[in-house]
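# Fold and geometry: a report
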Amino acid sequence: MTPRLLCALLVLLPFASQAQVSFPKNETWLTVGPLVSIDDLAGKPRYGLGLETTLNWVHEVQSLGAFAQAQWMTQGEARLAGGIQGTLLFAGLELGAYHLTGTEDHLPTTGLQITPFLTGIYGSLGVRISLPLSDKGGALGPEGVPGRVRQGREVGLVLTGKLPFLLGGTSSYEPSYPWN
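Notes on the structure in this doc start here. No experiment lies behind these values; they were computed from the predicted model shown.

Formed by Phe 67, Met 73, Ala 81, Tyr 98 and Leu 100, the largest nonpolar core amounts to five residues. Of all the elements in the fold, those that place two or more residues in this core are strand E3 (62-73) and strand E5 (91-100). Look past the residues within four positions of Phe 67 in its chain and what remains in contact with it is Thr 53, Thr 54, Ala 81, Gly 82, Gly 83, Ile 84, Gln 85, Glu 94, Leu 95, Gly 96 and Gln 113.

Here is the structure:
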């Protein structure tokens, strides 16, 4: 180790030891932002564009809250979802219900949604798992042709942007946009 580097470390070491890590204490945050997804990766990929909003109560390294999503999918259906979410540091999990409206090929579908995700202040990346409550449908029509069926199980990627708004508590985090 060179003498200059050693001197720099000795001078800067006291400043590093004075660093104070501060975690949030009982803060309430609302986030709103765009939601982009791709589902059914193994079959015929479907893309979605929409909006997500979350309301989270944050304390130290964990948070608990609710989420709501609305998306327009490329096959012409709308996808609505909502439920609870929790995070620990940068990892989280959403558990909720979803509903897909019907199309020419599929009946309306309702099911359970499980989404593990990684998150930061301004965005998140998750793997969405959709499990329909029923796959009934497809009864034979008047001409003996199979009818519409419900959407099956799906796995997809979800990317969400977030604009955070502090609703309650005091925060040391200062967002970089002018209206706060």
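From this point on, the discussion continues.
Tallied over the entire structure, the rule returns one cavity of 30 Å³ or more. Of the volumes computed, that of the largest cavity is approximately 60 Å³. Around the largest cavity sit Glu 52, Gln 69, Gln 85, Glu 94, Thr 115, Phe 117, Ser 124, Leu 125, Gly 126, Val 158, Thr 160 and Lys 162, which together line it. Counting only elements with at least two residues in the lining of the largest cavity, the list comes to strand E7 (109-119), strand E8 (123-132) and strand E10 (154-161). If one sorts the elements of the lining of the largest cavity by residue count, E8 sits on top with three residues. Classifying every residue of the lining of the largest cavity by side-chain character gives three nonpolar, six polar and three charged.

What follows deals with the layout of surface pockets. In this structure, the second largest pocket encloses a volume near 180 Å³. Forming the boundary of the second largest pocket are Asp 40, Lys 44, Arg 46, Gln 75, Thr 103, Glu 104, Asp 105, His 106, Gln 151, Arg 153 and Glu 154. Along the lines of polarity and charge, the residues of the lining of the second largest pocket split into no nonpolar, four polar and seven charged.

Scanning the entire structure with this criterion turns up six salt bridges. With a shortest N-O distance of 3.9 Å, Arg 46 and Asp 39 are connected by a salt bridge. Asp 39 carries the same exposure label as Arg 46, and that label is buried. In this structure, the salt-bridge partner of Lys 162 is Glu 52, at a minimum N-O distance of 3.4 Å. In this pair, Lys 162 is assigned in the loop between E10 and strand E11 (163-168) and Glu 52 in strand E2 (residues 46-59), connecting sequence segments 110 residues apart. Connected through shared salt-bridge partners, Asp 39, Arg 46, Glu 77, Arg 128 and Glu 154 make up one network.

Thresholds applied
Residues numbered from 1 in each chain as written. Predicted model: local features only at pLDDT ≥ 70, side-chain atom pairs only at ≥ 80, totals over all residues. Heavy atoms only, no water. Core = buried A, V, L, I, M, F, W, Y, C linked by side-chain atoms within 4.5 Å. Buried < 20%, exposed > 50% of the residue type's maximum accessible area, 1.4 Å probe, protein only. Helix = DSSP H or I, 4+ residues; strand = E, 2+ residues; numbered from the N terminus. Contact = heavy atoms within 4.5 Å. 1 Å grid on protein atoms, 1.4 Å probe; cavity = no way out; pocket = protein on both sides within 12 Å on 5 of 7 lines; lining within 4 Å. Points joined across faces, edges and corners; volume = space filled by probe spheres on them. Nonpolar A, V, L, I, M, F, W, Y, C, P; charged D, E, K, R; others polar. Salt bridge = Lys/Arg side-chain N within 4 Å of Asp/Glu carboxyl O.

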